[in-house]
Amino acid sequence: MDKSAASGYRLRIAHLYPDHMNIYGDRGNVIALRQRCTWRGIICEVVPVGPGDGVDWETIDIAFFGGGQDSGQALIAEDFLERQGPALRAAIDDGLAMLAICGGYQLLGHYFLTHTGQRLPGIGALDVYTVGGNVRLIGNVVVEVAAATLQTSVAPDPHAGPIQLVGFENHSGRTYPGAGVRPLGHVLAGHGNNGEDGTEGAVYRNTIGCYLHGSLLPKNPQLADHLIATALHRRYGNGALLAPLDDSMELAAQRAMVARLLVQR
Ligand code: GLN
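The text that follows walks through the structure, step by step, so that each part is easy to find. It should be emphasised that the depicted structure is a prediction, and the values quoted were computed from it without experimental measurement.

What counts, and at which threshold
Residues numbered from 1 in each chain as written. Predicted model: local features only at pLDDT ≥ 70, side-chain atom pairs only at ≥ 80, totals over all residues. Heavy atoms only, no water. Near = heavy atom within 4 Å. Polar contact = N/O pair within 3.5 Å; in protein donor to acceptor, adjacent residues only side chain to side chain. Helix = DSSP H or I, 4+ residues; strand = E, 2+ residues; numbered from the N terminus. Nonpolar A, V, L, I, M, F, W, Y, C, P; charged D, E, K, R; others polar. Buried < 20%, exposed > 50% of the residue type's maximum accessible area, 1.4 Å probe, protein only. Right-handed = clockwise from strand over helix to strand, strands pointing away. Pairing = 2+ DSSP bridges. Axes fitted to C-alpha atoms, helices over the stretch in contact; angles between N-to-C directions. Contact = heavy atoms within 4.5 Å.

## With respect to the site of the ligand
Here is step 1: The immediate surroundings of the ligand are formed by 17 residues, with D70, Q73, C102, G173 and H213 found nearest.
Here is step 2: In this structure, an oxygen atom belonging to the ligand sits 3.0 Å away from a main-chain N or O atom of G68.
Here is step 3: At 3.0 Å, a backbone N or O of G103 approaches an oxygen atom of the ligand.
Here is step 4: At the level of secondary structure, the elements contributing two or more residues to the shell around the ligand comprise α2 (70–93), α3 (103–108) and β8 (163–177).
Here is step 5: Considering only residue class, the shell around the ligand consists of four nonpolar, eleven polar and two charged.

Shown next as structure tokens:
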């Protein structure tokens, strides 16, 4: 494929609070999304959203919200709730493609009660709540995800097997999913949402929250393409096709990491 050929498609990515919420390489997720668009000739604009910034969410195709320390979350939680909450919730309800990691995931939920007792309000877009514990949940993670959850086509292969995503977690928060979300998947290695129920992450419409740092998307091209495909379909209709890329290196690295972590169990 001619990687520079213009596709005629254009996507806008909102990167929420990049200066406050960016740990363990989370910024790499935005770089990966932009690069995978560029390789396909999709014009991609990244819009950083900081405290005090207004956003016209109707113009945004993908939103990304990274993780942060409790102190970083405390600095932006109120701005996020007041300034972005209502319109972002509406966009999520309308099918916005969104990925939120760890601290960002927690603030999409109802609240995060930190281990020091501070209650940080979330926007309630995801039916989850989070309670901080005294022991941090740290380490590499393998999450098994149903293929249907990460589809890139409106006519996916019904026989496709599950996908194993790899990532790195480091959180004190234990997140408990409610009935309004389904888990992203189940942990084969690592702690996941809360270290108790074997679930990891939460999915509502086209929004995914999870604990997987990494950077996550360069390591897991299936998830990156799921977000891009979802955004294209929402903006340009179900006929919008995602051109294939050669992911043999990325997928070999992913398989090697999965094998290493599952042997260590
Ligand atoms: N501060 C939150 C916690 O410890 C989120 C951490 C993170 O984003 N890695 O649970």
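## Focus on the pairing of strand β1 (residues 10–16)
Here is step 1: Most of β1 sits inside the fold, with five of its seven residues counted as buried.
Here is step 2: Regarding the hand of the β-α-β motif, the stretch spanning β1, helix α1 (residues 27–39) and strand β2 (residues 43–49) is right-handed.
Here is step 3: Alignment of β1 against strand β3 (residues 62–65), held across four bridges, turns out to be parallel. Within β3, the position partnered with I13 by the bridge is I62.

## Description of the sheet that holds β3
Here is step 1: Spatial strand order, β2-β1-β3-β4-β12-β11: six strands in an open sheet with mixed pairing. Among the strands making up the open sheet, the edge pair consists of β2 and β11 (202–204). Going from strand to strand, the sheet's axes swing by 15° on average, the running direction of each strand aside.
Here is step 2: The strands touched by helix α5 (residues 221–236) are β1, β3, β4 (97–101) and β12 (207–210); relative to β4, the strand with the most contacts, the crossing angle is about 145°.

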